[in-house]
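Okay, here's what each chain looks like letter by letter:
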Amino acid sequence: MPTRNRTSHSDQPTSDVPTEATAPSETARRLFLRRGGASLAAALTVGSASSVLAAGPNGADTNQVKLPLIQDPDTEQKEETPDANLPPDERVGYAIVGLGRLSLDQILPALAQCKYSKVAALVSGDRTKALRVARQYGVREADIYDYQNFERLADNPRVQVVYIVLPNGMHKEFTLRSANIGKHVLCEKPMANSAADCEAMVRAMKRANRKLMIAYRSQYEPMDRMIVKMVKEKQLGLLREFVAGNSQNVGDPGQWRLKKSLAGGGAMPDIGLYCLNAARFLSGEEPLEVVASVHRPENDPRFVEVEESVHFILRFPSGFTATCMSSYASHESRFFRLQGSKGWVEMDPAFGYNGLRLRHGMLVEGKSATTELQIDPQNQFAREIDHMSVCVKDDIQPHTPGEEGLQDQRIIDAIYESARTGRAVKLAQPSAPTRGPEPQQETF
Ligand code: NAD
């Protein structure tokens, strides 16, 4: 994971922004830069010390070619060598189900960057489109399926995982069908439209003895992982508050995202989910109670079936709270701030595919100070898909299994109940942890 921490270059001018009008003296400033650098540098080891999984599936490193270093390792940032790719015939094969925007614009290009994964089949209702996509990615015509003959994938040994990239309301059906034909499943978020559907998906995959992972890409993104580590190491002190927003203006009133049966709801399950999931995985706590309200304007043809916006407040056992908002009718805005007794971290923008920014506020030599961390971009989809492949190859539970999606959906159900009744809704603590071991952090 190549990283650049601006604050570690203490003799260089930086654009770090002290948050007080009186900037620290030059000596204090240098100290601040060093300390800020040190605390964030510690967090940067997230991929090594705290990962339960070693990088890559068993045997991937036997293909590693090692070359001598060019730069002086005593004075320069360590040169990063990408982890070794698995040869194509040893990679885990994926059938991509649904060739919409996410598949075409993100997932298929990301598969081309993966180290342990490959596209092995396409499932689409539009054969002409599927043939064009197949040519782009080297998929054989024989490996194109439609929604009716999906079960024929059972006879295709090149496919081990079905990646479900369909409207939310179809996730359950295709998970159950995948379980029936003995394939592992990587399922897009949100997992389904109700907690009952999520439970059925978890049960079916357990019965089939196949893995189920929900595609929470932010949980595989390096800045988010770094914050998880900072929280575990108490670098922010005791967690107090989380504030988050995820909004965008939706257009075409005819799209499936605005149909209740296909989407499950409006802004909440689609983009509000990022705030909810981040509050849980960054804090490592599960909420006890939620209070929420939703808004559906009259006379807006986009919001006949689903809510325009949602506000919710989660209360956690330690006293930590999360205040979240999400709207389908505000200009694009994605951010969060996590505040603790000793410091805060903020991502703005957060939740996006790229361009993420992370800032850390803390006290240095009696002065409030802010430091910004830059990390070379990593493809979140490639990391997430390769994580699933490592889990399949090495028989490990995914970091974001079905139980993680189910817990979010239980809370979403409670959010809608609170909005309907105008009351706070109590939430049971999950009977077991909802996440698997820490994900590996490959170097791309
Ligand atoms: P999309 O509308 O672009 O694509 C949906 C695909 O499903 C299309 O190919 C469409 O033809 C097909 N489909 C099959 N039956 C359909 C039906 N009855 N109605 C409508 N479409 C049907 O949607 P998308 O943006 O690719 O989203 C797909 C899934 O991915 C959703 O669950 C969404 O929440 C999720 N998603 C995740 C991310 C992320 O960052 N992880 C981003 C975007 C979307």
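For the structure itself, look to the data block above.
Report follows, based on the coordinates. (Residues numbered from 1 in each chain as written. Predicted model: local features only at pLDDT ≥ 70, side-chain atom pairs only at ≥ 80, totals over all residues.)

In terms of strand pairing, strand β14 (residues 358–364) meets strand β15 (residues 367–375) through seven bridges, oriented antiparallel. Note that in β15 the partner of Gly-361 across the bridge is Thr-370. Counted along the chain from β14 to the antiparallel partner β15, the turn is two residues long, and its residue Glu-365 has a positive phi close to 50 degrees. (Pairing = 2+ DSSP bridges. Helix = DSSP H or I, 4+ residues; strand = E, 2+ residues; numbered from the N terminus.)

This brings us to the environment of Ile-164. Residue position: Ile-164 is located in strand β5 (residues 161–164). Linking Ile-164 and Ser-178, residues 14 residues apart in sequence, is a C-alpha distance of 9.6 Å. Other than its neighbours up to four places away in sequence, Ile-164 contacts Val-97, His-171, Phe-174, Thr-175, Val-185, Cys-187 and Glu-188. (Contact = placed C-beta atoms within 7 Å.)

Turning to the nonpolar core, a few remarks are in order. The tendency in soluble globular proteins is for nonpolar side chains to be buried side by side. Core analysis: the largest hydrophobic core is formed by 55 residues, its most contacted members being Ala-95, Ile-96, Val-97 and Tyr-163. Among the elements that make up this core, the one with the highest residue count is helix α9 (residues 380–394) (seven residues). In this structure, Met-268, Ala-278, Val-294 and Ile-412 belong to the second largest nonpolar core, which totals 45 residues. (Core = buried A, V, L, I, M, F, W, Y, C linked by C-beta atoms within 7 Å. Buried ≥ 20, exposed ≤ 12 C-beta atoms within 10 Å, placed from the backbone.)

Next up on the list: helix α8 (residues 267–283). Residue pairs spaced three or four apart in an α-helix point in one direction, given the helix's 3.6 residues per turn. With 17 residues, α8 should reach 24 Å at 1.5 Å per residue; the first-to-last C-alpha distance of 23 Å fits that figure. Most pronounced at Leu-273, the bend in α8 amounts to some 55 degrees. Where α8 terminates, the next one or two residues include Gly-284, which has phi positive at roughly 75 degrees. (Expected span 1.5 Å × (residues − 1). Bend = angle between axes of the 7 residues up to and from the residue.)

Moving on, we get to unusual backbone geometry. Residue Lys-189 is joined to Pro-190 through a cis peptide bond whose omega torsion reads -15 degrees. Mapped onto the elements of the fold, Pro-190 is located in the loop between β6 (184–187) and α5 (195–207). Following Asp-348, the chain continues into Pro-349 via a peptide bond in cis, with omega recorded as 0 degrees. Topologically, Pro-349 is positioned in the loop between β13 (343–347) and β14.

Quick look at the packing of α8 against helix α10 (residues 402–421) now. It is at 11 Å that the axes of α8 and α10 come closest, and there the two elements cross at 115 degrees. Looking at the two axes, α8 sits roughly perpendicular to α10. Relative to α10, the crossing made by α8 is right-handed. Within the contact between the two elements, α8 uses Met-268, Pro-269, Leu-273, Leu-276 and Asn-277 and α10 uses Asp-408, Ile-411, Ile-412 and Ile-415. Of the residues belonging to the contact of α8 with α10, the class tally is seven nonpolar, one polar and one charged. (Axes fitted to C-alpha atoms, helices over the stretch in contact; angles between N-to-C directions. Parallel < 35°, antiparallel > 145°, perpendicular 65-115°, else oblique. Left-handed = near helix turned anticlockwise from the far one by under 90°. Nonpolar A, V, L, I, M, F, W, Y, C, P; charged D, E, K, R; others polar.)

This part is about the packing of α5 against α10. Put simply, α5 and α10 touch, their axes get as near as 8 Å, and they point 165 degrees apart. One element, α5, and the other, α10, form an angle in the roughly antiparallel class. As α5 packs across α10, the resulting crossing turns out to be left-handed. In this structure, α5 uses Ala-195, Cys-198, Glu-199, Met-201, Val-202 and Met-205 to contact α10, whose residues at the interface are Gly-402, Glu-403, Gly-405, Leu-406, Gln-409, Arg-410 and Asp-413. Taken together, the residues that form the contact of α5 with α10 break down as six nonpolar, three polar and four charged.

That is the geometry; function is a separate question.
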